[in-house]
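Fold and contact review
Each chain is listed here by its residues.
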Amino acid sequence: MKITASAPGKIALFGEHAVVYGKPAIVSSIDKRIYVTIEERSDDDLKISAMDLHIPGIILTYSKDERLPKVETNFSRVEEAVSYVQKGIYLASEYCGKSKGVNVEVRSEMPVGAGLGTSAALSVATAYAYLTLLGSEIKRESLADLGHKIEVAVQGSASPMDTAVATFGGLLQVTPLLKGPSIERIGFHQIPGLVIGYTPREATTADLLKRVRSLRSSFPEAVESIMSAIGSIVSASRRALEKGDLASLGELMNINHGLLESLGVSSKRLNDMVYSARYAGALGSKLTGAGGGGCMIALSPSKENAVKTAIQVEGGIPLAASLSDIGAKIEG
Ligand code: PMV
């Protein structure tokens, strides 16, 4: 028996990083997805392959063991991707109390570890496919929660933002609360002229989260004020989104980028792309996701081509992706 599940990537429009410290964030799923195919094996092993991540087929003979696999590569993102699958299988089998040896094949329509939420999509799609193969049903709230636990187990910390949007899909406001996240659907709008630029990352999400945590422990009051300011930007941008007020949205993106810069999570290349997009006519632009390279977004109604060219001139790659409202699903 063979099951394929998929989950979408995401764009954090406002509020990344601050959402890790309890502030709300606005996020949308995109039309690029991660596909995870899980096939039953006749033994208890776990075999992971992902040709587009250069993982030709790694056999883990200790699939129920919590230790992370030792992967023979110097490409740390490969090791990370394997860890999300392994933890996903481990925690999903703990969730349903059953387990089976499986072959797992991963396919990604987007660059991995670039700020587009691929780790959350991989966690959610792995758990969903594996539970479905085992005949165990799961509600969306529990799938989002399980995906979040997988991310926390691999990264050390994570907000519920990415796993919520990978599970539910759509344009969402996600607010972490003690009793579990509040997930509010903002109503689906295509935001006109949203351009995404990509540059390879210099650090992983886990590294960037650690950097912010350490800045916060050195300067708690200053960093808390930045987080609160980001929270206020999210409230203002929700009102602007609901009114379709693009000029205000652009300005709020610029402020949000400045605050992320002050947390030390941008990079020279990312800043160059963000500023050049504005000079090329974008109403606003910011990094999206954890930063340290990765992706930026620019609100560029009727200026898409000029903004894409500006991103290329700075050495970035414009990505052909748009907002979508399709969450995790079983493909068959
Ligand atoms: O760069 P990504 O796709 O891993 O997104 C990280 C978003 C953060 O807010 C920085 C972390 C989180 O868990 O919300």
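Computed from a predicted model, the values in this text were never measured in an experiment.

1. Considering the packing of aromatic side chains
Counted under the stated rule, the structure contains 0 aromatic pairs. We note Arg 107 situated over the ring of Tyr 35; from NZ or CZ to the ring centre the distance is 4.5 Å.

2. Comments concerning the nonpolar core
Of all hydrophobic cores here, the largest spans 94 residues; its most connected members are Ile 11, Leu 13, Phe 14, Ile 38 and Val 104. Top element by residues in this core is helix H2 (residues 118-133). It accounts for 11 residues. Residues from two domains meet in this core; each of domain 1 (2-187 + 325-330) and domain 2 (194-322) gives at least three. With 11 residues, the next largest nonpolar core counts Val 19, Met 161, Ala 164 and Phe 168 among its residues.

3. Describing the site of the ligand
Around the ligand there are 17 residues in total, and Lys 10, Ser 159, Arg 201, Thr 205 and Ala 290 lie nearest to it. The backbone of His 17 places a nitrogen or oxygen atom 2.9 Å from an oxygen atom of the ligand. Here Gly 115 contributes a backbone N or O atom positioned 3.5 Å from an oxygen atom of the ligand. Expressed as a share of its isolated accessible area of 380 Å², the protein-covered part of the ligand is 98%. Of all the secondary-structure elements, those providing two or more residues to the shell around the ligand are helix H4 (161-168) and helix H5 (205-218). Residues that form the shell around the ligand fall into these classes: 7 nonpolar, 6 polar and 4 charged.

4. Description of the domain arrangement of the protein chain
Under the domain assignment used here, the protein chain contains domain 1 (2-187 + 325-330) and domain 2 (194-322). Here the C-alpha centre of domain 2 lies 24 Å away from the C-alpha centre of domain 1. Taken together, the contact pairs 34 residues of domain 1 with 42 residues of domain 2. A buried area of about 3,100 Å², summed over both sides, lies between domain 1 and domain 2, and 64% of it is on carbon and sulfur atoms. Among the residues of domain 1 in contact with domain 2, Phe 14, His 17 and Tyr 21 are the three that bury the most area, contributing 25% of the side total. Along the contact surface separating domain 1 from domain 2 lie 3 salt bridges. For Glu 224, the salt bridge goes to Lys 23, with nearest N and O atoms at 3.2 Å. Connecting domain 1 to domain 2 are 14 residue pairs in polar contact (both at pLDDT 80 or more).

5. Examining H4
Three- or four-residue spacings in an α-helix give side chains the same orientation, since the helix completes a turn every 3.6 residues. By the criterion of burial, H4 is predominantly enclosed, with 8 of the 8 residues buried. All of the buried residues along H4 are Met 161, Asp 162, Thr 163, Ala 164, Val 165, Ala 166, Thr 167 and Phe 168. Tucked into the core, H4 has its buried residues touching strand E1 (2-14), strand E2 (25-40), H2, helix H3 (140-155), strand E6 (171-175) and strand E7 (182-185).

The rules we used
Residues numbered from 1 in each chain as written. Predicted model: local features only at pLDDT ≥ 70, side-chain atom pairs only at ≥ 80, totals over all residues. Heavy atoms only, no water. Phe/Tyr/Trp six-rings, centres within 6.5 Å; stacked < 30°, edge-to-face > 60°. Lys NZ or Arg CZ within 6 Å of the ring centre and 35° of its normal. Core = buried A, V, L, I, M, F, W, Y, C linked by side-chain atoms within 4.5 Å. Buried < 20%, exposed > 50% of the residue type's maximum accessible area, 1.4 Å probe, protein only. Helix = DSSP H or I, 4+ residues; strand = E, 2+ residues; numbered from the N terminus. Domains from an automatic or database assignment. Near = heavy atom within 4 Å. Polar contact = N/O pair within 3.5 Å; in protein donor to acceptor, adjacent residues only side chain to side chain. Areas by Shrake-Rupley, 256 points an atom, 1.4 Å probe, with all protein chains shown as cover. Nonpolar A, V, L, I, M, F, W, Y, C, P; charged D, E, K, R; others polar. Contact = heavy atoms within 4.5 Å. Buried area = accessible area lost by both parts, 1.4 Å probe. Salt bridge = Lys/Arg side-chain N within 4 Å of Asp/Glu carboxyl O.

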